[in-house]
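Commentary on secondary and tertiary structure
The primary structure of each chain is shown beneath.
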Amino acid sequence: MVLAELGGKISHALRSMANVTLVDETVLDACLKEICTALIQSDINIKLVKGLRDSVKRQVKLEEMAAGLNKRKIIEKAVFTELCAMLDPGIKPYRLQKGKSNVVMFVGLQGNGKTTTCTKYAYLNKRKGYRPA
């Protein structure tokens, strides 16, 4: 439920720019403030949120943009790019090795679907030729 609320708040912040006739630094600051507030309310680390805000401001330099560019789309793309970069761990996922004992741990809250996920994961690996226990 938290993820849906976060997505709604970010979408609302980006949509609120559509009502403004002139996109300038104050509009950008208000939009970023709303996005950062939504991220902090969703328990995102403050350092990550500050990094997102700084890199979006670095990417979007409204004073240097040509008059014909769609500033709303550029801001939206910069926010999307930074959110994706925040979620990307930058490392390759763990690859199971055949003939070796591989241990995978699933962690989650009660009622979150760990058993269902483990069953699907075991079935997937059984089809790939592994022997899940």
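One structure accompanies this document, and this report is about it.

Thoughts on the layout of surface pockets
With a probe scaled to a water molecule rolled over the atoms, the places where space remains empty come into view. Estimates place the volume of the largest pocket at around 440 Å³. Lining the largest pocket are 19 residues, with N102, Y130, R131, P132 and A133 positioned closest to its centre. For the lining of the largest pocket, the class distribution of residues is 10 nonpolar, six polar and three charged. For the second largest pocket, the calculated volume is near 240 Å³. Together, L3, L6, G7, I10, L39, I44, L48, F80, L83, C84, M86 and L87 line the second largest pocket.

Some points on the pattern of salt bridges
Charged atoms that come close allow side chains of opposite charge to pair. Counted under the stated rule, the structure contains three salt bridges. When the shortest N-O distance is used, the salt bridge between K57 and D29 registers 2.5 Å. With K57 in helix α3 (residues 46-59) and D29 in helix α2 (residues 25-41), this residue pair connects regions lying 28 residues apart in the sequence. Taking the relative accessible area as the measure of exposure, D29 reaches 24% and is therefore partly exposed. Connected through shared salt-bridge partners, E25, D29 and K57 make up one network.

About the cut-offs
Residues numbered from 1 in each chain as written. Predicted model: local features only at pLDDT ≥ 70, side-chain atom pairs only at ≥ 80, totals over all residues. Heavy atoms only, no water. 1 Å grid on protein atoms, 1.4 Å probe; cavity = no way out; pocket = protein on both sides within 12 Å on 5 of 7 lines; lining within 4 Å. Points joined across faces, edges and corners; volume = space filled by probe spheres on them. Nonpolar A, V, L, I, M, F, W, Y, C, P; charged D, E, K, R; others polar. Salt bridge = Lys/Arg side-chain N within 4 Å of Asp/Glu carboxyl O. Helix = DSSP H or I, 4+ residues; strand = E, 2+ residues; numbered from the N terminus. Buried < 20%, exposed > 50% of the residue type's maximum accessible area, 1.4 Å probe, protein only.

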